[in-house]
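An overview of the molecular structure
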2 protein chains.
Amino acid sequence: MMNKDRILYVVGIGPGHMNNMTKEAIDALEDSEIIIGYKTYISLIEDMVKDKEIVESPMKGEVERCKMALELANNSKKVAIVSSGDPGVYGMAGIIYEVAERENIDIEIKVIPGVTAASAAASILGAPLMHDFAIISLSDLLTDWELIKRRVQLAAEGDFAICLYNPKSKKRVEHIKITRDIMLKFRAPETPVGIVKNAKRDDEEVFITNLKGMLDYPIDMFTVVLIGNSNTKIINGKMVTPRGYNL
Amino acid sequence: MMNKDRILYVVGIGPGHMNNMTKEAIDALEDSEIIIGYKTYISLIEDMVKDKEIVESPMKGEVERCKMALELANNSKKVAIVSSGDPGVYGMAGIIYEVAERENIDIEIKVIPGVTAASAAASILGAPLMHDFAIISLSDLLTDWELIKRRVQLAAEGDFAICLYNPKSKKRVEHIKITRDIMLKFRAPETPVGIVKNAKRDDEEVFITNLKGMLDYPIDMFTVVLIGNSNTKIINGKMVTPRGYNL
């Protein structure tokens, strides 16, 4: 039986600083006694959570972190577990539901959506995601690389604008190159590509290039790569995918 | 030459009420003298913009609306044009850049991203967009229906989770049925489907069903339809697409 008095907030803090959080997310943090999350994310909101109990956790170990959050909440603590961007997009929302089921912890789970890294990067680049688009993570830690490649190819075939998450890590340097090569089978080398690192953070870096040139730019795990569709163009230095209005 | 003193904000007000706006969006509205947008969107934020000059405009007429916003801003007014959700996703951001180019109006355009309808609906349903996903609009007002169908088919083939915008209008009732039938070629009839109308608004309606049953539920232009991938499941009444963690 669900104990509705016990609540775990899964909070999207948006791409960068508090400025990019929703009021709903701010209220959830304020209502919480304990805040759980990656060190990097906690540091982005540290001014807001000074008077809270903080549980910082390293990258990896997501399952354990979720279990801890659920157990604390089940013990009548008010807990928020934070994700950057939106917790529902490669974030903590899904795994929380899965661990709650495994651990048989039946409390209210409230997912609070946030501005995604894709939306943040798009707003900085101009308007590259104005038409149908696909979001694909190039990380093969949890997904078979063959499936990822297949998705890249099908999205390329469908002329979707594409936003790539986790495009490259220190150990995984070839995936972005292979992805670019698949794209080139379906789109012109001049197709605009936007590269945004640390969107909306102090150390934000932004490059607009194209399929041909994109591998010459710095790309890492804090970067998203946005690839235009066949109609995407550069207008006054911004990357714009037309919706199709007759101008 | 760009006049940096002149600025047009393109503001994402998020899916529903002020509660779902970012602080950056709230600040932009506060900084503006004139607010331009659809009547429905203005009504969602009316408490915030009481002391502003409001230009409500009907649906359609986007190009004229953009031109007006740009001209007012170019005449040194502080102007915000508002989109629900994120202005960079089927919103006003792209068309503003296009009209600015056509009209040769060279002012600063600041796009402020918002929580998308997709993220909002996902957060209500559970966590259906945790893995790679595609966003597709079924409206053929500006896009060829053959291209839309092709994208549906390729996204289905690639086992993307899918979020459908503009799934059905009064005049366009067959597209959602055809889309469902294409999906059924690639996914089981039991694949979970979430239907969310007016996400995060007072009159929100939420249904969780599956591919087989989805056409029996109310779907209209204020609805988004989220179709799970082959791993999506129902956990305690929520729709969850696993990321792939080993539990």
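Just so you know, the residues in each chain are numbered from 1, in the order the chain's sequence is written. Written order determines the labels here, with chains lettered from A and ligands numbered from 1. In keeping with the predicted nature of the model, local features appear solely for residues at pLDDT of at least 70, side-chain atom pairs appear and are counted solely at 80 or more, and the whole-chain, interface and lining totals rest on all residues. The basis for the side-chain values is all heavy atoms of the structure; hydrogens and waters are excluded.

**Some details on the packing of aromatic side chains**
Pairing of aromatic rings covers Phe, Tyr and Trp, the last counted by its six-membered ring, and requires centre-to-centre distances within 6.5 Å; plane angles under 30 degrees mean stacked, over 60 mean edge-to-face, and any other angle means tilted. On inspection of all chains with the given rule, the structure shows six aromatic pairs over all chains. Both rings, one in Phe207(A) and one in Tyr217(A), keep their centres 5.2 Å apart while their planes meet at 50°; by these two values the pair is tilted. In this pair, Phe207(A) is assigned in strand 10 (residues 205–210) and Tyr217(A) in the loop between strand 10 and strand 11 (223–227), connecting sequence segments ten residues apart. Relative to Tyr165(B), the ring of Tyr90(B) lies with its centre 5.0 Å away and its plane at 50°, an arrangement referred to as tilted. Taken together, the positions of Tyr90(B) in the loop between strand 4 (79–83) and helix 4 (93–103) and Tyr165(B) in strand 8 (residues 161–165) put the pair 75 residues apart, joining distant regions of the chain. Partly exposed describes any residue whose relative accessible area lies between the buried limit of under 20% and the exposed limit of over 50%, with all areas from a 1.4 Å probe on protein chains only and scaled to the type maximum. Accessibility expressed as a relative area gives 11% for Tyr90(B), which makes it buried. The criterion is that NZ of a Lys, or CZ of an Arg, lies within 6 Å of the ring centre and within 35 degrees of the ring normal, and then a charge sits over that ring. The residue whose ring lies beneath Arg151(A) is Phe160(B), and the NZ or CZ to ring-centre distance is 5.6 Å. The numbering of helices and of strands both runs from the N terminus, where a helix is a DSSP run of H or I of at least 4 residues and a strand a run of E of at least 2.

**Some remarks on the relation of the copies chain A and chain B**
For the match of chain A to chain B, the screw axis carries a shift of 0.0 Å, the RMSD comes to 0.0 Å, and the turn is 180°. What the superposition gives is, in effect, a two-fold axis relating one chain to the other. All copies are superposed by least squares; the fitting set is the C-alpha atoms of residues with a pLDDT of at least 70 in both.

**A few points about helix 4 (residues 93–103) of chain A**
All names here are of chain A. Counted residue by residue, helix 4 has eight buried out of eleven residues, so it is predominantly covered. Along helix 4, the residues classified as buried are Ala-93, Gly-94, Ile-95, Ile-96, Tyr-97, Glu-98, Val-99 and Ala-100. One or two steps after helix 4, the chain reaches Asn-104, where phi turns positive at roughly 55°.

**Some points on the domain arrangement of chain A**
All names here are of chain A. Per the annotation, domain bounds derive from an automatic or database assignment of domains. Assigned domains of chain A: these are domain 1 (3–112) and domain 2 (117–240). Computed from C-alpha coordinates alone, the two centres of domain 1 and domain 2 are separated by 28 Å. The interface is formed by nine residues belonging to domain 1 together with ten residues belonging to domain 2. Taken together, the two surfaces of domain 1 and domain 2 that pack against each other cover about 830 Å², and 60% of this comes from carbon and sulfur. What gets called buried area is simply the loss in accessible area from a 1.4 Å probe that two parts show on being joined, summed for both. Of all residues in domain 1, Pro-15, His-17 and Tyr-90 bury the most surface against domain 2, accounting for 57% of the area lost on that side. The salt bridge criterion pairs a side-chain nitrogen of Lys or Arg with a carboxyl oxygen of Asp or Glu, the two atoms within 4 Å. In this structure, the connection of domain 1 to domain 2 is made through zero salt bridges. Polar contact criterion, stated in full: a pair of N or O atoms within 3.5 Å, where within protein one must be able to donate a hydrogen and the other to accept it, and residues adjacent in sequence count only if both atoms are side-chain atoms. Counting the contacts that link domain 1 with domain 2 gives four residue pairs in polar contact (both at pLDDT 80 or more). When the residues that make up the side of domain 1 that touches domain 2 are grouped by side-chain class, the tally is four nonpolar, four polar and one charged. Should any heavy atoms of two residues lie within 4.5 Å, those residues are counted as being in contact. Only Asp, Glu, Lys and Arg are considered charged in this grouping, and only Ala, Val, Leu, Ile, Met, Phe, Trp, Tyr, Cys and Pro are considered nonpolar; every other residue, Gly among them, is considered polar.

**Points about the sheet that holds strand 12 (residues 233–235) of chain B**
All names here are of chain B. Strand order in this open sheet of three strands is 6-13-12, and the pairing throughout is mixed. Both edges of this open sheet fall to strand 6 (126–127) and strand 12, since each of them pairs with a single strand only. Any two strands with at least two DSSP-identified bridges between them are counted as paired. Of the strand pairs in this sheet, strand 12 and strand 13 (residues 238–240) are connected by three bridges, and their pairing is antiparallel. Within strand 13, the position partnered with Lys-233 by the bridge is Val-240.

**Points about a negative patch on the surface**
Residue and element names in this part refer to chain A. Side chains of Asp-202, Asp-203, Glu-204 and Glu-205 sit close together on the surface and give a patch of like negative charge. Tracing the chain through its elements places Glu-204 in the loop between strand 9 (192–197) and strand 10. By relative accessible area, which is 33% here, Glu-204 ends up partly exposed. The patch calculation keeps residues exceeding 30% relative accessible area without a salt bridge and links them within 9 Å when they carry like charges or within 5 Å when they are nonpolar (Val, Leu, Ile, Met, Phe, Trp, Tyr). Where accessible areas are quoted, they stem from the Shrake-Rupley method and a 1.4 Å probe; at the residue level, only the protein chains shown are allowed to cover. By the counting rule applied here, Lys and Arg register as positive and Asp and Glu as negative, while His and the ends of each chain are not counted. Working definition for charges: the position is that of NZ of Lys, CZ of Arg, CG of Asp or CD of Glu.

**Considering the sheet that holds strand 13 (residues 238–240) of chain A**
Spatially, 6-13-12 (chain A) is the arrangement adopted by the three strands of the open sheet, whose pairing is mixed. On the outer flanks of this sheet lie strand 6 (126–127) and strand 12 (233–235) of chain A, each paired with one strand and no other.

**Here's the deal with helix 6 (residues 145–157) of chain B**
The span expected for a helix works out to 1.5 Å for each residue beyond the first. For helix 6 of chain B, which comprises 13 residues, the first-to-last C-alpha distance of 18 Å matches the rise-based estimate of 18 Å (1.5 Å per residue) to within 8%. Residues Trp145(B), Ile148(B), Arg151(B), Val152(B), Leu154(B), Ala155(B) and Ala156(B) constitute the buried set of helix 6 of chain B. Tucked into the core, helix 6 of chain B has its buried residues touching helix 6 (145–157) of chain A together with strand 7 (133–137), strand 8 and helix 7 (175–186) of chain B. In the stretch just after helix 6 of chain B, Asp159(B) is the one whose phi turns positive, near 55°.

**Side note on the pattern of salt bridges**
This structure, assessed with the given rule, holds 28 salt bridges over all chains. The residue Lys78(A) makes a salt bridge to Asp31(A) at a minimum N-O spacing of 3.1 Å. Here the residue Lys78(A) occupies a position in the loop between helix 3 (62–74) and strand 4 (79–83), and Asp31(A) occupies one in helix 1 (residues 23–31), the gap between them amounting to 47 residues. Given a relative accessible area of 28%, Asp31(A) falls into the partly exposed group. Via salt bridges that share partners, Asp132(A), Asp159(A), Arg187(A) and Arg151(B) belong to a single interconnected network.

**Describing the nonpolar core**
We define the nonpolar core as a collection of buried residues of types Ala, Val, Leu, Ile, Met, Phe, Trp, Tyr and Cys that are connected through side-chain atoms lying within 4.5 Å of one another. Counting 42 residues, the largest nonpolar core has Ile136(A), Val225(A), Ile136(B) and Val225(B) as its most contacted members. Once residues lying within four places of it in the same chain are set aside, the contact partners of Ile136(A) are Tyr90(A), Ile148(A), Arg151(A), Val152(A), Ala155(A), Ile162(A), Cys163(A), Leu164(A), Tyr165(A), Asp132(B) and Phe160(B). One finds Leu125(A), Leu226(A), Ala122(B) and Cys163(B) within the second-largest nonpolar core, a separate group that totals 40 residues.

**Quick look at the interface of chain A and chain B**
At the junction of the two partners, chain A supplies 69 residues and chain B supplies 70 residues. Here chain A packs against chain B, burying approximately 6,300 Å² in sum over the two surfaces, 58% of which is carbon and sulfur. Connecting chain A to chain B are eight salt bridges. Where Lys200(A) meets Glu24(B), a salt bridge forms, and the shortest distance between an N and an O atom there is 2.8 Å. For the side of chain A that touches chain B, the leading source of residues is helix 4 of chain A, giving eight residues.

**Brief notes about the pairing of strand 8 of chain B**
Residue and element names in this part refer to chain B. Most of strand 8 is tucked away: five of the five residues are buried. Here strand 8 shows two buried faces, one formed by Ala-161, Cys-163 and Tyr-165 and the other by Ile-162 and Leu-164. By the criterion used throughout, a crossover qualifies as right-handed when its path from the first strand across the helix to the second strand runs clockwise, the strands pointing away from the viewer. Between the parallel pair strand 7 and strand 8, the chain is carried across by helix 6, and the sense of this crossover is right-handed. The pairing of strand 8 with strand 11 (residues 223–227) spans three bridges and is classified as antiparallel. Within strand 11, the residue paired with Cys-163 across the bridge is Leu-226.

**Things to note about the pairing of strand 3 (residues 53–57) of chain B**
One face of the sheet, then the other: side chains in a regular strand alternate in exactly this way. With five bridges joining them, strand 2 (residues 34–38) of chain B and strand 3 of chain B adopt parallel strand pairing. Counted as the bridge partner of Ile36(B) is Val55(B) from strand 3 of chain B.

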